[in-house]
Amino acid sequence: MKKHETINYIELPARDLEATKLFFSKLFDWSFVDYGPNYSAFTNSGIDGGFFRSEFTSTTENGSALIVFYSRDLEGTQARVERAGGAIIRPIFPFPGGRRFHFTEPSGNEFAVWSDIATD
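Bear in mind the structure is a predicted one, so any value in this text is a computation, not a measurement.

(A) Spatial organisation of the pattern of salt bridges. All told, the structure shown has three salt bridges when counted by the stated rule. A salt bridge links Lys-21 to Glu-18; its shortest N-O distance comes to 3.3 Å. Of this pair, Lys-21 and Glu-18 both sit in helix H1 (residues 17–28), three residues apart, roughly one helical turn. The closest approach of N and O atoms between Arg-99 and Glu-75, which form a salt bridge, is 2.7 Å. Remark: Glu-75 occurs in helix H2 (residues 74–83) and Arg-99 occurs in strand S7 (residues 98–104); sequence separation between them is 24 residues. Residue Arg-99 is classed as buried on the basis of its relative accessible area of 15%. Judged by its relative accessible area of 38%, Glu-75 falls in the partly exposed class. Residues joined by salt bridges that share partners form a network here, namely Glu-18, Lys-21 and Asp-34.

(B) Seen up close, the sheet that holds S7. Strand order in the open sheet formed by four strands is S5-S8-S7-S6, with mixed pairing between adjacent strands. Each having just a single partner strand, strand S5 (67–70) and strand S6 (87–95) make up the two edges of the open sheet. Averaged over all adjacent pairs, the angle separating strand axes in this sheet is 25°, with direction ignored. Pairing between S7 and strand S8 (residues 110–115): six bridges, direction antiparallel. Following the sheet pairing, Thr-104 is matched in S8 by Glu-110. Lying over the sheet, H2 contacts S6, S7 and S8, oriented at roughly 5° with respect to S7.

(C) Broad picture of the sheet that holds strand S3 (residues 39–43). Read from one edge to the other, the open sheet built from four strands follows the order S1-S4-S3-S2, with strand pairing classed as mixed. The sheet is open, and its two edges are formed by strand S1 (9–14) and strand S2 (31–34), each paired on a single side. The sheet shows a mean angle of 25° between the axes of neighbouring strands, direction not considered. Pairing of S1 with strand S4 (residues 48–53) involves six bridges; the strand directions are parallel. When the bridges of S4 are listed, Ile-10 appears paired with Gly-49.

(D) Here's a closer look at H1. Helix length check: H1, at twelve residues, gives a terminal C-alpha distance of 16 Å against a target of 16 Å (1.5 Å per residue), a fit within 8%. Of all the positions in H1, only Leu-17, Thr-20, Lys-21, Phe-23, Phe-24 and Leu-27 are classed as buried. For H1, the angular spread of the buried residues around the axis is 160°, confining them to a single face. In H1, the exposed positions angled more than 90 degrees off the buried face are occupied by Leu-22 and Lys-26. Downstream of H1 by one or two residues, Asp-29 has phi in the positive range, about 65°.

Each value, and the rule that gives it
- Residues numbered from 1 in each chain as written.
- Predicted model: local features only at pLDDT ≥ 70, side-chain atom pairs only at ≥ 80, totals over all residues.
- Heavy atoms only, no water.
- Salt bridge = Lys/Arg side-chain N within 4 Å of Asp/Glu carboxyl O.
- Helix = DSSP H or I, 4+ residues; strand = E, 2+ residues; numbered from the N terminus.
- Buried < 20%, exposed > 50% of the residue type's maximum accessible area, 1.4 Å probe, protein only.
- Pairing = 2+ DSSP bridges.
- Axes fitted to C-alpha atoms, helices over the stretch in contact; angles between N-to-C directions.
- Contact = heavy atoms within 4.5 Å.
- Expected span 1.5 Å × (residues − 1).
- Arc of directions from axis to C-beta.

That is the geometry; function is a separate question.
Here it is, written out as C-alpha cells:
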C-alpha cells in the first residue's frame, strides 16, 4: 500500500546495466523489468526502484546518498557480496548502534550493509 508523503521509489545510475541486474538478482534475489535498453525497474528489494544507464556513479565520495541494507549475518552477507562480484571498499567496522561494511557493485555504485547483532 502506498503511504502519503513517504519515500516510494529510488532511481540509481548504472554504467553496466546488465552486470548490475545480474549482481542484485544473484545477491538478493531482486526481480527486474526492462523498459527499453536504458532503464530497468527492480522489485523484491524492500523498496521499488530502477537503474538507468549512465556514466555517473552513486558514491559517498561524490556526495550521493548512501543506501544501507540490514543483515542478521554481516560476515555472511559480506562473503555473498564478494562471491556475487561486488568489491568491499570498507571492511566491517563498528559504528554507534552496530557494525557495517561498504561495497560497490559492478557499475561502481556504493552501498552499505549494517547489523545490530554483535559478534563474540
